[in-house]
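The primary structure of each chain is shown beneath.
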Amino acid sequence: MRACLIPLLFAGCLGLTVRAAEGVRIIVRTTLDGKPVADAVVSATPLDHPVPTPGPGNTAEIEQKNQEFSPYVTVIQVGGKVIFPNHDTVQHHIYSLSKPKRFEIPLYQAGASESVVFDRPGIVAIGCNIHDWMVAYIAVVPTPFFAKTDDTGAATLPSLSPGRYRLEIWHPRAAAPVVQEISSAPENATVLEVKVALKPDKRIRRAPTGKGTDY
Ligand SMILES: [Cu+2]
């Protein structure tokens, strides 16, 4: 499926000079009721020129705090490193059974930090052996052009040089990733709306502790 990016400004009508795109804004909504989708991963892989190699900033951090992973969804380019600092007073035991990266970080203490390199593209789900409700996702994408939607369903990709791209939108509850080809042109500021079908949220809820802080 091919979709051209929609120009935000029409120079002919407004008498303005449209600037080159500073970034492509993607709005992700549900197919069911059109509500904004937060934590959706948006990536654009070049089809007309080589994929830029990752820079030194290809790292991310997923902390453990209040016996939760934060953030819930992380995106890195292939080859990136994720650091897992434990900011809790209890130990955690992180693991993943996902094909792109199976790993285990056995029980480690508060204040300690471990890291893992992700060298294959795909989705990596992580959990904690001790706390069943702790779940997070790492989207390992084959491109440096990626972003994650905020609470309004919006994400802004870095500036894309002219050409065709494979746009992919993924979410932990997506029935399937949404994939489409887009074209970037320098004279267009751009925005694109994408609809994603979401499955029900089946995350395990924390057992009540009586302290009124957990759910
Ligand atoms: Cu844990």
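Each value, and the rule that gives it
Residues numbered from 1 in each chain as written. Predicted model: local features only at pLDDT ≥ 70, side-chain atom pairs only at ≥ 80, totals over all residues. Pairing = 2+ DSSP bridges. Helix = DSSP H or I, 4+ residues; strand = E, 2+ residues; numbered from the N terminus. Axes fitted to C-alpha atoms, helices over the stretch in contact; angles between N-to-C directions. Contact = placed C-beta atoms within 7 Å. Core = buried A, V, L, I, M, F, W, Y, C linked by C-beta atoms within 7 Å. Buried ≥ 20, exposed ≤ 12 C-beta atoms within 10 Å, placed from the backbone. Domains from an automatic or database assignment. pLDDT = per-residue confidence, 0-100.

## Some points on the sheet that holds strand 8 (residues 73-77)
Across the sheet, which stays open at both edges, the five strands sit in the order 8-14-13-10-11 with mixed pairing between neighbours. Strands with a single pairing partner mark the edges of an open sheet, and in this sheet they are strand 8 and strand 11 (103-108). Ignoring which end each strand starts from, the neighbouring axes of this sheet average 20 degrees apart. In this sheet, strand 13 (residues 122-128) lies alongside strand 10 (residues 92-96) in antiparallel orientation, the contact comprising two bridges. Bridged to I94 within strand 13 is C128.

## As for the environment of V37
Within the secondary structure, V37 sits in the loop between strand 3 (24-30) and strand 4 (41-46). Ignoring sequence-local partners within four residues, the contact set of V37 consists of V28, R29, T30, T149, G153, H171, V196 and L198.

## Notes on the nonpolar core
Judged by nonpolar contacts, the single largest core of 42 residues is most densely connected at V42, I138, A139 and L157. By residue number, the principal contributor to this core is strand 14 (residues 135-141), which donates six residues. If you count residues domain by domain, this core takes at least three from each of domain 1 (1-46 + 151-200) and domain 2 (53-142). In this structure V42 touches I26, F146, A147, T149, A155, L157 and I169, once residues within four positions along its chain are discounted.

## Considerations on the sheet that holds strand 12 (residues 113-118)
With mixed pairing, three strands are arranged side by side in an open sheet as 5-9-12. The sheet terminates laterally at strand 5 (59-61) and strand 12, the two strands that pair on one side only. Strand after strand, the sheet turns through a mean of 20 degrees between neighbouring axes, direction not considered. Pairing geometry for strand 9 (residues 80-85) and strand 12, over six bridges, is antiparallel.

## Details of unusual backbone geometry
Look at the link from S70 to P71: it is a cis peptide, with omega at 5 degrees. Assignment of secondary structure puts P71 in the loop between strand 7 (68-70) and strand 8. Phi angles above zero are rare outside glycine, and D39 is one such case at about 65 degrees. The topology assignment puts D39 in the loop between strand 3 and strand 4. A count of 20 C-beta atoms within 10 Å places D39 in the buried class. Notably, Q67 is not glycine yet its phi reads approximately 55 degrees, a positive angle.

## What to know about the confidence of the model for the protein
Chain-level statistics for the protein give a pLDDT mean of 84 and a share of 84% at 70 or above. Throughout residues 210-215 the model reports pLDDT below 50, and contacts reaching past four residues in sequence, or to other chains, amount to five contacts.

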